[in-house]
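# Results of the structural survey
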Amino acid sequence: MKTPADKSLSFTFHSHPEKDMSLRWKIKLHFPGGATAETMLPITVHDGNGAPVKSGVFEFAGQRLAVSDGRSELRYADFVKGKHEKSVWLYRDGMKPVPGGLTFE
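This section reports on the structure supplied with the text. Here the residue numbers are simple positions, counted from 1 along each chain's written sequence. Only residues with pLDDT of at least 70 get local features here, since the model is predicted, and only at 80 or more are side-chain atom pairs given and counted; chain-wide, interface and lining totals rely on the full set of residues. Water and hydrogen atoms play no part in the side-chain values, which are based on all heavy atoms of the structure.

Glancing now at the side chain of threonine 12. Here threonine 12 is to be found in strand E1 (residues 9-15). Contact criterion: two residues are considered in contact whenever any of their non-hydrogen atoms come within 4.5 Å of each other. When sequence neighbours within four positions are dropped, the list of residues in contact with threonine 12 reads Lys26, Ile27, Lys28, Gly101, Leu102, Thr103 and Glu105. Runs of E in the DSSP output that reach at least two residues are strands. Runs of H or I that reach at least four are helices, and both are numbered from the N terminus.

Have a look at this one:
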């Protein structure tokens, strides 16, 4: 599996609605043009106020990915391997875990 050389793609995930905006989150998974199995896919992680999430764990594609300063990454092959896993969560210290899902923008 690989992306076309001349096209990039992004998936956007949003948290389930929460009254407290700081509990909400938005995560983008980026597939650069020409990405192959070994390509590391960059992930950006922001809270409901638009600020980068300082630290946490993003559960996605059967992986638990460390988040630091609003960034994480996932190997393309690991995305393919776990693409049927349904769990999408963001865990942050001192906050309740919040689930989410794929959205369209």
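Take the nonpolar core next. Only buried residues count toward a nonpolar core, which is a set of Ala, Val, Leu, Ile, Met, Phe, Trp, Tyr and Cys residues joined through side-chain atoms within 4.5 Å. Categorising residues by exposure relies on relative accessible area from a 1.4 Å probe, with only protein chains included: less than 20% of the type maximum marks a residue as buried, more than 50% marks it as exposed, and the intermediate range marks it as partly exposed. Ile27, Leu29, Ile43, Phe58, Phe60, Phe79 and Leu90 are the most contacted members of the largest nonpolar core, which has 22 residues in total. Elements supplying a minimum of two residues to this core: strand E2 (25-31), strand E3 (40-47), strand E4 (55-60), strand E5 (63-68) and helix H1 (76-82). Here this core takes four residues from E2, the largest share from any one element. Filtering out sequence-adjacent residues up to four positions away, phenylalanine 58 remains in contact with Ile27, Ile43, Gln63, Arg64, Leu65, Val67, Val88, Trp89 and Leu90.

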